[in-house]
Amino acid sequence: MIEKKILLTDCPDDKGLIAKITNICYKHQLNILHNNEFVDFETKHFFMRTELEGIFNETTLLEDLKYSLPQGTNCRLISTQRKRIVILVTKEAHCLGDILMKNYYGALDVDIAAVIGNHQNLQELVERFDIPFHCISHEGLTRVEHDQRLAEKIDEYAPDYIVLAKYMRVLNPEFVERYPNRVINIHHSFLPAFIGAKPYQQAYERGVKIIGATAHFINNELDQGPIIMQNVIHVDHTYSADAMMRAGRDVEKTVLSRALDLALHDKIFVYKNKTVVL
């Protein structure tokens, strides 16, 4: 059966890599629909994203690639089937609402399997879109206990990605390690500036002239995970901290949905706490 799949390859840079990869795809009678590549000349590392169509023998294809490419090569063959996400929320609706609306009108092609909140504030909004909402309260629980309950509910839906749509809680290391490079967060600041709580207050106190938002994968260092997407808008001295926060919400929701779209289309390589987006 003819299928479409995406081949993601990263390896130490060497001569003729593009030719080697495309020749192996040709040997397997696969049609290349689209191809992008990038070389990080500082680390001497090569990245390539290839959209393929044909009849796949995945095991043989990956064996041929690893045999022909330099030691340390990573190759992944990914289905283009619609991906599933679970969204975590607290009380703020703007990022969640943007994802729900874009998905409803087809601007985001994703299966939103469920939304989980530690408060019930957003349940009515979610259920208007016929999506399951689960409230898992953190009251009376340690952070580890709460995160364990979250993980158990998330795993029932087997999502490809978990999206933190203004989920205002720090996740414990065990949770983060359970989903490596699969948890996408929106931070209401242009990282690495203004890490942690109240970034708009921090920005106001510094008298900044631009504010922004950062979508990133989470790791076990607060707001230090690999950055996927960023954007900024201009402000001036007339903006209070609250006015900056209101203006920043539009940037936050746009940056998060763009980062999610990149992940859904398998355009992100994570390498040395950075991302390469092809």
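Throughout this description, residue numbers start from 1 for each chain and increase along the sequence as written. Restriction of local features to residues with pLDDT of at least 70 applies here, the model being predicted, together with a cutoff of 80 or more for giving and counting side-chain atom pairs; totals for whole chains, interfaces and linings are based on all residues. Water and hydrogen atoms were dropped before computing side-chain values, which therefore reflect all heavy atoms in the structure.

The name that an unreviewed UniProt entry assigns to the protein is Formyltetrahydrofolate deformylase, with the source organism given as Rodentibacter heidelbergensis. UniProt, in its Catalytic activity (unreviewed entry) section for the protein, records the words "(6R)-10-formyltetrahydrofolate + H2O = (6S)-5,6,7,8-tetrahydrofolate + formate + H(+)". UniProt positions are given in the numbering used here, feature names are shortened, and annotations may be inferred rather than shown by experiment. Per its UniProt entry, the protein bears the Sequence similarities (unreviewed entry) comment "Belongs to the PurU family."

Let's shift gears to the nonpolar core. Formed by 33 residues in total, the largest nonpolar core has its most connected members in Ile85, Ile87, Leu96, Ile112 and Val115. The set of elements that each furnish at least two residues to this core consists of strand E5 (83-89), helix H3 (94-104), strand E6 (110-117), strand E8 (161-164), strand E9 (183-187), strand E10 (210-217) and helix H8 (241-264). What counts as a helix is a DSSP run of H or I of at least four residues, what counts as a strand is a run of E of at least two, and both are numbered from the N terminus. Here this core takes eight residues from H8, the largest share from any one element. Any two residues whose heavy atoms approach within 4.5 Å at even a single point are treated as in contact. Residues within four places of Val115 in sequence aside, it is in contact with Ile87, Val89, Leu96, Val126, Ile131, Pro132, Phe133 and His134. Here the nonpolar core consists of buried residues drawn from Ala, Val, Leu, Ile, Met, Phe, Trp, Tyr and Cys, with membership extended through side-chain atoms lying within 4.5 Å. The classification of residues rests on relative accessible area computed with a 1.4 Å probe and restricted to protein chains. Under 20% of the type maximum is buried, over 50% is exposed, and intermediate values are partly exposed. Among the nonpolar cores identified, the runner-up in size contains 19 residues, and Ala114, Tyr157, Leu171 and Val183 belong to it.

This paragraph deals with the domain arrangement of the protein. What fixes the domain bounds is an automatic or database domain assignment. On domain assignment, one finds that the protein holds domain 1 (3-79) and domain 2 (84-277). The interface of domain 1 with domain 2 comprises 14 residues on the first partner and nine residues on the second. The largest per-residue losses of area from domain 1 upon contact with domain 2 belong to Leu8, Phe47 and Arg49, which jointly make up 47% of the total buried on that side. Polar contacts here mean pairs of N or O atoms no more than 3.5 Å apart (in protein, one a potential hydrogen donor and the other a potential acceptor; neighbouring residues in sequence count only if both atoms are side-chain atoms). On the surface where domain 1 and domain 2 come into contact, there are three residue pairs in polar contact (both at pLDDT 80 or more). Taken together, the elements giving at least two residues each to the side of domain 1 that touches domain 2 come down to strand E1 (3-12), strand E2 (31-40), strand E3 (45-54) and strand E4 (74-79). What gets called buried area is simply the loss in accessible area from a 1.4 Å probe that two parts show on being joined, summed for both.

Summarizing the sequence annotation, UniProt attributes the feature "domain: ACT" (unreviewed entry) to residues 6-86 in the numbering used throughout. Along residues 6-86, the helical share is 27% and the strand share 46%, with 23 Å between the first and last C-alpha atoms.

With respect to the helices and strands, the residue Arg169 is situated in the loop between E8 and helix H6 (173-178). His is not counted, nor are the chain ends; Lys and Arg add positive charge and Asp and Glu add negative charge. For salt bridges, the criterion is a side-chain nitrogen of Lys or Arg within 4 Å of an Asp or Glu carboxyl oxygen. Of the side chains with opposite charge, Asp147 comes closest to the buried, unpaired Arg169, at an N-O distance of 5.0 Å. In this structure Arg169 touches Asn118, His138, Arg143 and His146, once residues within four positions along its chain are discounted.

The residue Asp130 is not glycine, and still its phi comes out positive at about 60°. Structurally, Asp130 can be placed in the loop between helix H4 (123-127) and strand E7 (133-135).

Turning our attention to the sheet that holds E2. Paired strands, in this sense, are two strands between which DSSP finds at least two bridges. The strand order across the open sheet built from four strands is E2-E3-E1-E4, with neighbouring strands paired in antiparallel fashion. The sheet terminates laterally at E2 and E4, the two strands that pair on one side only. Within this sheet the neighbouring strands show an average axis-to-axis angle of 15°, counted without direction. Two elements, E1 and E4, share six bridges in a ladder whose sense is antiparallel. Across the sheet, residue Thr9 finds its bridge partner in E4, namely Cys75. Lines fitted to C-alpha atoms define the axes here, with helix axes fitted over just the stretch in contact, and angles between the N-to-C directions of these axes take values from 0 to 180 degrees. Running at roughly 20° to E3, helix H1 (residues 17-27) makes contact with E1, E2 and E3 of the sheet. Across the sheet, helix H2 (residues 58-68) lies against E1 and E4, angled at about 155° from E4, the strand it touches most.

A word on a nonpolar patch on the surface. Each patch is built from residues lacking any salt bridge and having more than 30% relative accessible area; the joining distance is 9 Å for like charges and 5 Å for nonpolar side chains (Val, Leu, Ile, Met, Phe, Trp, Tyr). For every accessible area listed, the method is Shrake-Rupley and the probe measures 1.4 Å; residues are considered covered only by the protein chains on display. A contiguous nonpolar patch, built from Met101, Tyr104 and Tyr105 and spanning about 400 Å² of accessible area, is present on the exposed surface. Here Met101 is to be found in helix H3.

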